Amino acid sequence: EAGVAQSPRYKIIEKRQSVAFWCNPISGHATLYWYQQILGQGPKLLIQFQNNGVVDDSQLPKDRFSAERLKGVDSTLKIQPAKLEDSAVYLCASSLVGITYGYTFGSGTRLTVV
Amino acid sequence: AQTVTQSQPEMSVQEAETVTLSCTYDTSESDYYLFWYKQPPSRQMILVIRQEAYKQQNATENRFSVNFQKAAKSFSLKISDSQLGDAAMYFCAYRSAMANYGQNFVFGPGTRLSVLP
């Protein structure tokens, strides 16, 4: 099966600019996650979708971050305006619904804010 | 809230030797899952091994095995016959089994494993 697709792979922007990341999960996976991984740290959940509804966005900095999952398939994560501390790898993952199912992660987007 | 700690930022092992990576966690729950993930330079997180907390038997996957000590809240990963391809960041992760929780992971800070030829 095809994996979780993410684009772009790399992005460099100046602070205060906006940026968007795209994720295409595995076909049939109703649950989609966005994680932020700062260099030297483990990934931290930003937002979780089930189909096109938000399950958990408690750690999403909503003043600058937004995410949507239209039609319950693809998802986009946006940052506006970006700050230096947003430099990180943004990982997308998907899974079937149910606690026993594992995740499949994408290869992430490495964002550098200068 | 659950926390995961990995006290070894970096480890190294000689090819064909055995290495153990440590992980401790804190939770008040009795039912949960523990995982080890590998992250090579390609950045994709790859599942290495998984342990259900209700199972007393330690999980094994080929050269990878865990030592799960529930009372001590310890979950170490042993890699036997280390290979050059095992070099990567290794993350320990916790996932609640409670149905009303989000199914997200709590990750530790990672251990960078180097394999020396």
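Residues numbered from 1 in each chain as written. Chains lettered and ligands numbered in written order. Predicted model: local features only at pLDDT ≥ 70, side-chain atom pairs only at ≥ 80, totals over all residues. Heavy atoms only, no water.

### Details of the overall build of chain B
Within chain B, the regular secondary structure consists of zero helices and 12 strands. Sequence-ordered secondary structure for chain B, helices as α and strands as β, is β-β-β-β-β-β-β-β-β-β-β-β. Over its C-alpha trace chain B gives a radius of gyration of 14 Å, about what one expects of a compact globule, namely 13 Å for 117 residues. Counting the 117 residues in chain B, one finds 50% classified as buried. Considering only residue pairs separated by 6 or more positions, chain B has 56% of its internal contacts joining residues 24 or more positions apart. Counting every atom, chain B has about 5700 Å² of accessible surface; 47% of that belongs to carbon and sulfur. Counting 10 positive and 10 negative side-chain charges, chain B places the centres of these two groups 5 Å from one another. (Helix = DSSP H or I, 4+ residues; strand = E, 2+ residues; numbered from the N terminus. Rg over C-alpha atoms; globule rule 2.2 N^0.38 Å. Buried < 20%, exposed > 50% of the residue type's maximum accessible area, 1.4 Å probe, protein only. Contact = heavy atoms within 4.5 Å. Areas by Shrake-Rupley, 256 points an atom, 1.4 Å probe, with all protein chains shown as cover. Lys, Arg positive; Asp, Glu negative; His and termini not counted. Charge placed at Lys NZ, Arg CZ, Asp CG, Glu CD.)

### Brief notes about the layout of surface pockets
Empty pockets left among the atoms are what a rolling probe the size of a water molecule brings to light. Considered as a void within the structure, the largest pocket measures approximately 400 Å³ in volume. Lining the largest pocket are 20 residues, with A:L45, A:Q59, B:N104, B:F105 and B:V106 positioned closest to its centre. Taken together, the residues of the lining of the largest pocket break down into nine nonpolar, nine polar and two charged. Around the second largest pocket, the lining is made up of 17 residues, and of these A:L39, A:R110, B:Q39, B:M89 and B:R112 lie nearest the centre. Of all the secondary-structure elements, those providing two or more residues to the lining of the second largest pocket are β10 (88–96) and β12 (111–116) of chain B. At three residues, β10(B) tops the list of elements feeding residues into the lining of the second largest pocket. When its residues are assigned to classes, the lining of the second largest pocket shows 10 nonpolar, four polar and three charged. (1 Å grid on protein atoms, 1.4 Å probe; cavity = no way out; pocket = protein on both sides within 12 Å on 5 of 7 lines; lining within 4 Å. Points joined across faces, edges and corners; volume = space filled by probe spheres on them. Nonpolar A, V, L, I, M, F, W, Y, C, P; charged D, E, K, R; others polar.)

### A short note on the interface of chain A and chain B
Many analyses report the size of an interface as the accessible area lost when the parts associate. Counting residues at the interface gives 29 residues for chain A and 19 residues for chain B. For the chain A and chain B pair, buried surface summed over both sides reaches about 1900 Å², with 47% attributable to carbon and sulfur atoms. In this structure, the connection of chain A to chain B is made through zero salt bridges. Secondary-structure elements contributing two or more residues to the side of chain A that touches chain B are β4 (31–37), β5 (44–50), β9 (88–95) and β11 (109–113) of chain A. Residue classes in the side of chain A that touches chain B are distributed as 12 nonpolar, 14 polar and three charged. (Buried area = accessible area lost by both parts, 1.4 Å probe. Salt bridge = Lys/Arg side-chain N within 4 Å of Asp/Glu carboxyl O.)

### Remarks on the state of the cysteines
One pass over the full model with this rule turns up two disulfides over all chains. Here A:C23 pairs with A:C92 through a disulfide, and the sulfurs are 1.9 Å apart. Given an S-S torsion of about -70°, the disulfide between A:C23 and A:C92 has left-handed geometry. Here A:C92 lies in strand β9 and A:C23 lies in strand β3 (residues 19–24), a separation of 69 residues in the sequence. Residue classification places A:C23 among the buried positions, given a relative accessible area of 0%. Accessibility expressed as a relative area gives 0% for A:C92, which makes it buried. One disulfide bridge connects B:C23 with B:C92, the sulfur atoms lying 2.0 Å from each other. (Disulfide = S-S within 2.5 Å.)

### So, the packing of aromatic side chains
What the rule picks out here adds up to 23 aromatic pairs over all chains. Consider the rings of A:Y103 and A:F105, whose centres lie 5.5 Å apart with planes at 40°: the pair is tilted. Across this residue pair, the class does not change: A:Y103 and A:F105 are buried. Feature note: the residues A:Y33, A:Y35, A:Y103, A:F105, B:Y33, B:F35, B:Y37, B:F91, B:F105 and B:F107 constitute an aromatic cluster, connected by ring pairs. (Phe/Tyr/Trp six-rings, centres within 6.5 Å; stacked < 30°, edge-to-face > 60°.)

In short, geometric facts, not functional conclusions.
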